[in-house]
Amino acid sequence: MPQASEQARPRARNTRTEAVLREVESGSVSHILRLATTQWPGDPHDAGLALQVLFDGLSNEAMPIWDPTTESMQESPDMKQSLKRIRHTMAAIKRSTEHLQREAWSATGGPLGQVFEKNMEALVRWLDFLQRCSRWVEGPKASAEIIGDIYRNGSGVVMKSFTSTEEAMDLLVSLWIWKNSQGQSLTFQFHSKRESCQVTDLLTFLYTVPDSRDLLAQTMRAYPSLRQRHFIKSALLRIKEWTALKKTTPLQNLAVFVIRVIGLVQEFLEIPSFGREYIKADFPARALTMSLEFPGLPSSLSGSTQPGRIDPDHPLYPAAVSEKFFPNAPGGTPAYLIHRVVPTLLDAGLLDILVDHLISQPSGTPYPWHPLVGKGPAGHPLPVLASMCVSLPIRNSCRLAVQRTSGEELRKLTSGWYSQHWTPFFKDYHLYDHIWMHWFHAGDRVRICDNLNHHKKADRGIYLEVAKECTRCRTKVYCSRECQREDWVRFHRNECPENRRYKIERQIATAWPSHRDRAFYLSLLLHFVLDYEVGARTEVSVGGQVDDGSVFEFLHPNSAWTPPVENLEWNPNSVLHVSTLFSPPENAIHTVDSVLQLAHSGVPTFQEPRFVKMFEELQETRSSGRTPAVKRLRLAMCTAACGLHRIYTLGRFLVTQDTERTRVELLNGYVKVEERAKIENPLLHSFSRMHPGME
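Residues numbered from 1 in each chain as written. Predicted model: local features only at pLDDT ≥ 70, side-chain atom pairs only at ≥ 80, totals over all residues. Heavy atoms only, no water.

**A word on unusual backbone geometry**
Look at the link from Ser583 to Pro584: it is a cis peptide, with omega at 0 degrees. Structurally, Pro584 can be placed in the loop between β5 (574-579) and β6 (586-591). One non-glycine residue, Asp282, lies in the positive phi region at around 55 degrees. Topologically, Asp282 is positioned in the loop between α15 (272-280) and α16 (283-291). (Helix = DSSP H or I, 4+ residues; strand = E, 2+ residues; numbered from the N terminus.)

In structure tokens, the structure reads:
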């Protein structure tokens, strides 16, 4: 039995309260129960005194030893009595939290607040014991109720003292993860009784407070992957439970609950291990699929006094959920999240949701995407989605999603006001789909060779079925052993070690493009170079593929056809720059000097001897006396987004033009991958439209 404190304490002002406190100090369970039920002091001074006596009793109590492996505890008679005292003491402490609200306006928090602040570390420790040992005491629910009363009734000082330690954050996460024997979350047990779960409310509030958010992230970062996985699955469980409750009870704030939980989970995506578990759990697609069970549910209720009034500034529930997951600013999102999440969202119905949202807007609406992204010019989901189709997984899922669009919807989308938003998206998607189909048409043969002199070979049209890749750095690929040996002597011997390090760094960031991706960007440049030569719009595919896909050609309509006058500005000292960061993609003409000025963290992007030789040969073409109207060398560069990085693909092309046709042949093409945040002198400023988050 706990011994009375040797240090003299102040006497209670009320004699009955003083008598009860003396019995509590002697370990009387019945008197502790009185404090928890009928005899909690009404005097603030005595209430603070009673709370301190309870905490002193806990400090004298030996915490029972709990074996998590066997989920057992030795239940001796003394242990049973101790557990009873602990249970009633925590009930009395909960009773005290109901009186905290009277002190909430006090700057110092009042007597109760001061006692809680002084003993917060001990309180967190015993609350953690309750949630771990729910078989012997009313654990998780009791812990959650005490935390909820502190959150709801306590002053800012008391609340800050609770949320300022990793132990408290770990306790909140443990309560979040906890499930009963039926597999139900703590939140479900509260909501099924029409009560609010304060653990969920507190966690979703804390991630909006900078200091608490940082501490919560630090706690989550220290967890092993298994615990992070449980946290994510617990979030999915809550969404599933709320969705089931909505079908049987008038759960008005379902959308609000779900969106807050999604925001909580996404707060930790900067932790790599958490991001991997987020993808493994298929969290975005599963949450989006569940939202589609209530397609007409509003995502928010207005602040109007009229209950149930829908807020016109908020989208419907599925659109609001899709907005939480869809990266409207891809330039600020890691590449692995974009490439793994967006395809699953499209498979789950993302494009259907966007189409339904667009069709639901009255014709002529000036800002149809306003409920999703505001009234600014950037971040509109259809243009952003179109620009992402340079990624093969996203293109594949987008292709299936477009095929699922009904004929009635397509007729509406391609006519009138709706076509202003649908037609540009579809043209861009179709362009990238067309280029990918060119790539597939050539099969598995190598269509790029990194030997700069490859085009001088008599048999340059003959490719190996399997690429001859450099086995050391794996950044260069060749059509033959002869080209590999020649390039090794000229360039690759010196650049191979650095290329290996360069690639590994970007692979860690999941930003390194495969040879397949490089072939796509070079095919895209083939399309743009040919279109520019013949004066066609960029979204129109005027050329046809020849042989293995490394040649595009355009047959002139008649013998009197001549190139458009506006293309004369592209002289032999110019580089065509195409940006897929925009929708539709834009192009501009740069001088060689301006391209050479492109740098990242003070290091020129194209400083390697291989690139220098390419620029020298381009300028030699001008001074060699070759006839530019018949055959000329062209350089073109494609800029593409890859999450937090930029991919620059520099291609070299041979343009042949006579009275019958214009023919563009790919000679070589190389990639550079750099961090977006380190760009200096960006060439993107030459474009007419800048998209925040993508440039």
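**Let's talk about the nonpolar core**
Residues Met90, Phe116, Tyr278, Phe283 and Leu351 are the most contacted members of the largest nonpolar core, which totals 172 residues. No other element matches the 12 residues that helix α26 (residues 515-534) contributes to this core. Split by domain, this core shows at least three residues from each of two domains, domain 1 (292-300 + 311-439) and domain 2 (517-689). Aside from chain neighbours lying at most four places away, what touches Phe116 is Leu51, Phe55, Ile93, Ser96, Thr97, Leu100, Leu123, Ile150 and Val158. Core analysis: the next-biggest nonpolar cluster, separate from the first, contains 17 residues, Phe491, Val575, Met614 and Met637 among them. (Core = buried A, V, L, I, M, F, W, Y, C linked by side-chain atoms within 4.5 Å. Buried < 20%, exposed > 50% of the residue type's maximum accessible area, 1.4 Å probe, protein only. Domains from an automatic or database assignment. Contact = heavy atoms within 4.5 Å.)

**Concerning α26**
The first and last C-alpha atoms of α26 sit 29 Å apart over 20 residues, in line with the 28 Å expected at 1.5 Å per residue. Taken across its 20 residues, α26 has 18 buried, putting it largely inside the fold. At the C-terminal side of α26, Gly535 shows a positive phi close to 80 degrees. (Expected span 1.5 Å × (residues − 1).)

**Some thoughts on the sheet that holds strand β7 (residues 599-600)**
Adjacent strands of a sheet form backbone hydrogen bonds with each other and so pair up, either parallel or antiparallel. Read from one edge to the other, the open sheet built from 3 strands follows the order β8-β7-β12, with strand pairing classed as antiparallel. Where the open sheet ends on each side, the last strands, each with one partner, are β8 (603-604) and β12 (679-680). Two strands pair when backbone bridges link them, and β7 and β8 are joined in this way by 2 bridges, in the antiparallel orientation. The partner of Ala599 across the bridge, within β8, is Pro604. (Pairing = 2+ DSSP bridges.)

**Side note on the pattern of salt bridges**
Where charged atoms from two side chains of opposite charge approach closely, those side chains can pair. Tallied over the full model, the rule gives 34 salt bridges. Measuring nitrogen to oxygen at the nearest pair gives 2.0 Å for the salt bridge that ties Arg501 to Glu498. Of this pair, Arg501 and Glu498 both sit in helix α25 (residues 481-508), 3 residues apart, roughly one helical turn. Note on Glu498: relative accessible area 41%, which makes it partly exposed. The salt bridge involving Arg661 is made with Glu660; its shortest N-O contact spans 3.5 Å. Through salt bridges that share partners, Glu498, Arg501, Glu505, Arg506 and Glu674 make up one connected network. (Salt bridge = Lys/Arg side-chain N within 4 Å of Asp/Glu carboxyl O.)

**Observations concerning the packing of aromatic side chains**
Under the defined criterion, the tally for this structure stands at 22 aromatic pairs. Between Phe283 and Phe325, the ring centres sit 5.9 Å apart and the planes meet at 80 degrees, which makes this aromatic pair edge-to-face. Taken as a pair, Phe283 in helix α16 and Phe325 in helix α17 (residues 317-325) lie far apart in primary sequence, 42 residues in all. Judged by relative accessible area, which is 0%, Phe283 ranks as buried. Joined through ring pairs, the aromatic side chains of Trp176, Phe231, Phe268 and Phe274 make up one cluster. Directly above the ring of Tyr223 sits Arg227, whose terminal nitrogen or CZ lies 4.7 Å from the centroid. We note Arg506 situated over the ring of Tyr502; from NZ or CZ to the ring centre the distance is 3.6 Å. (Phe/Tyr/Trp six-rings, centres within 6.5 Å; stacked < 30°, edge-to-face > 60°. Lys NZ or Arg CZ within 6 Å of the ring centre and 35° of its normal.)

**Observations regarding the state of the cysteines**
For the structure on display, the rule yields 0 disulfides. Here Cys496 stays unpaired: no disulfide links it, and the sulfur of Cys470, its closest cysteine neighbor, is 3.7 Å away. (Disulfide = S-S within 2.5 Å.)

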